[in-house]
Amino acid sequence: TKYFEIPQELPAELPGDPQVRVRVKVDREDLATFELKRCSEDGSELDASPMGGESGRGGLITVCVRGKGQAVLRATSDGLALELLHGRRLRDLAPSSERLRPLGDERYHIVGVSGISFNAEAMAQELLSARACVSLDLWSSRYAGGMRLRVEDLTTGYGLG
């Protein structure tokens with residue numbers, strides 16, 4: 001019968017598939033020490049003092065390495081995620097973390113930090129928390145705007161013909 005001619009499904013993941021979404025736990029001692037600032041789109045700081053808890057002052061939330069002033073992350077323009085600044089890598093967040101090393105130089109947006117998502121400022125604040133471990137939910141920057149799926153000749157169900 002024709003049902004024996006149905007091709008078998010491929011495995012869910014194949015070698016060479018892009019890593020679109022990745023979850024990584026990073027130990028607190030591996031993370032750099034951060035401070036938050038508000039910066040303009042070009043990266044220049046809007047005020048000289050680190051930001052406090054008040055929000056709505058304008059500018060993008062920027063995560064900097066404390067003491068060095070080196071900006072690593074900033075809020076996306078919609079405020080829903082944190083993105084790496086040009087020339088920065090995930091390993092800049094946790095230089096000694098072996099868990100981030102396999103991701104190499106691939107660029108990711110941080111879409112969640114320890115269960116907090118859809119709020120860049122709250123995620124940035126969580127990176128400063130005193131928790132023993134921080135869970136990062138990462139989405140490949142290549143697909144930050146979404147993914148396109150094209151389906152051709154799809155048939156479902158048990159109809160005739």
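Refer to the preceding data block for the structure.
I will try to describe carefully the structure that is included in this document. Just so you know, these numbers come straight off a predicted model, no measurement behind them. (Residues numbered from 1 in each chain as written. Predicted model: local features only at pLDDT ≥ 70, side-chain atom pairs only at ≥ 80, totals over all residues. Heavy atoms only, no water.)

### Focus: the overall build of the protein chain
Here comes step 1: Summing up its helical and strand segments, the protein chain has 1 helix and 8 strands in all.
Here comes step 2: Shown N-terminal to C-terminal, the secondary structure of the protein chain runs as helices and strands in the order β-β-β-β-β-β-β-α-β.
Here comes step 3: Out of the 161 residues belonging to the protein chain, those deemed buried represent 34%.
Here comes step 4: Residue pairs in contact within the protein chain that sit at least 24 positions apart in sequence constitute 57% of those at least 6 positions apart.
Here comes step 5: Within the structure as shown, the protein chain displays about 10,800 Å² of accessible surface, and the carbon and sulfur contribution to it stands at 50%. (Helix = DSSP H or I, 4+ residues; strand = E, 2+ residues; numbered from the N terminus. Buried < 20%, exposed > 50% of the residue type's maximum accessible area, 1.4 Å probe, protein only. Contact = heavy atoms within 4.5 Å. Areas by Shrake-Rupley, 256 points an atom, 1.4 Å probe, with all protein chains shown as cover.)

### Quick look at the nonpolar core
Here comes step 1: If you look at the biggest cluster of nonpolar residues, it comprises 30 residues, and the most contacted ones within it are Leu-73 and Leu-138.
Here comes step 2: Broken down by secondary-structure element, the contributors of at least two residues to this core are strand E1 (21-27), strand E2 (34-39), strand E3 (60-65), strand E4 (70-75), strand E5 (82-84), strand E6 (108-113), helix H1 (120-127) and strand E8 (133-140).
Here comes step 3: Ranked by the residues each element gives to this core, the list is headed by H1, at 4 residues.
Here comes step 4: Apart from residues lying up to four places away in sequence, Leu-73 is in contact with Ile-61, Thr-62, Val-63, Leu-82, Glu-83, Leu-84, Leu-85, Leu-93, Ile-110 and Leu-127. (Core = buried A, V, L, I, M, F, W, Y, C linked by side-chain atoms within 4.5 Å.)

### Notes on unusual backbone geometry
Here comes step 1: The phi dihedral of Ser-114 is positive, around 50 degrees, even though this residue is not glycine.
Here comes step 2: The topology assignment puts Ser-114 in the loop between E6 and strand E7 (116-117).
Here comes step 3: The backbone phi angle of Asp-153 is positive, close to 50 degrees, even though this residue is not glycine.
Here comes step 4: Within the secondary structure, Asp-153 is located in the segment after E8.
Here comes step 5: A relative accessible area of 80% places Asp-153 in the exposed class.

### Remarks on the side chain of Ser-97
Here comes step 1: Inspection of the secondary structure assignment puts Ser-97 in the loop between E5 and E6.
Here comes step 2: Of note is the side chain of Ser-97, whose polar atom sits 3.2 Å from the backbone nitrogen of Arg-99.
Here comes step 3: Polar contacts involving the side chain of Ser-97 include one to the main-chain amide nitrogen of Leu-100, which spans 3.5 Å.
Here comes step 4: Apart from residues no more than four positions distant in its own chain, Ser-97 is found in contact with Val-26 and Asp-30. (Polar contact = N/O pair within 3.5 Å; in protein donor to acceptor, adjacent residues only side chain to side chain.)

### Describing H1
Here comes step 1: Buried residues dominate H1, accounting for 6 of its 8 residues.
Here comes step 2: Among the residues of H1, those classed as buried are Ala-120, Glu-121, Met-123, Ala-124, Glu-126 and Leu-127.
Here comes step 3: With a side-chain oxygen lying 3.2 Å from the backbone nitrogen of Glu-121, the N-terminal cap of H1 falls on Asn-119.

### Regarding the side chain of Glu-126
Here comes step 1: Relative to the helices and strands, Glu-126 is located in helix H1.
Here comes step 2: Side chain to side chain, Glu-126 and Arg-131 meet in a polar contact 2.3 Å long.
Here comes step 3: With sequence-adjacent residues up to four places away left out, Glu-126 is seen in contact with Arg-28, Val-113, Ser-114, Ile-116 and Arg-131.

### Quick word on the environment of Ala-124
Here comes step 1: Its location among the elements puts Ala-124 in helix H1.
Here comes step 2: Taking C-alpha positions, Ala-124 is 7.8 Å from Leu-82, a pair spaced 42 residues apart along the chain.
Here comes step 3: Residue contacts for Ala-124: discarding those within four places in its chain leaves Leu-36, Ile-61, Val-63 and Leu-82.

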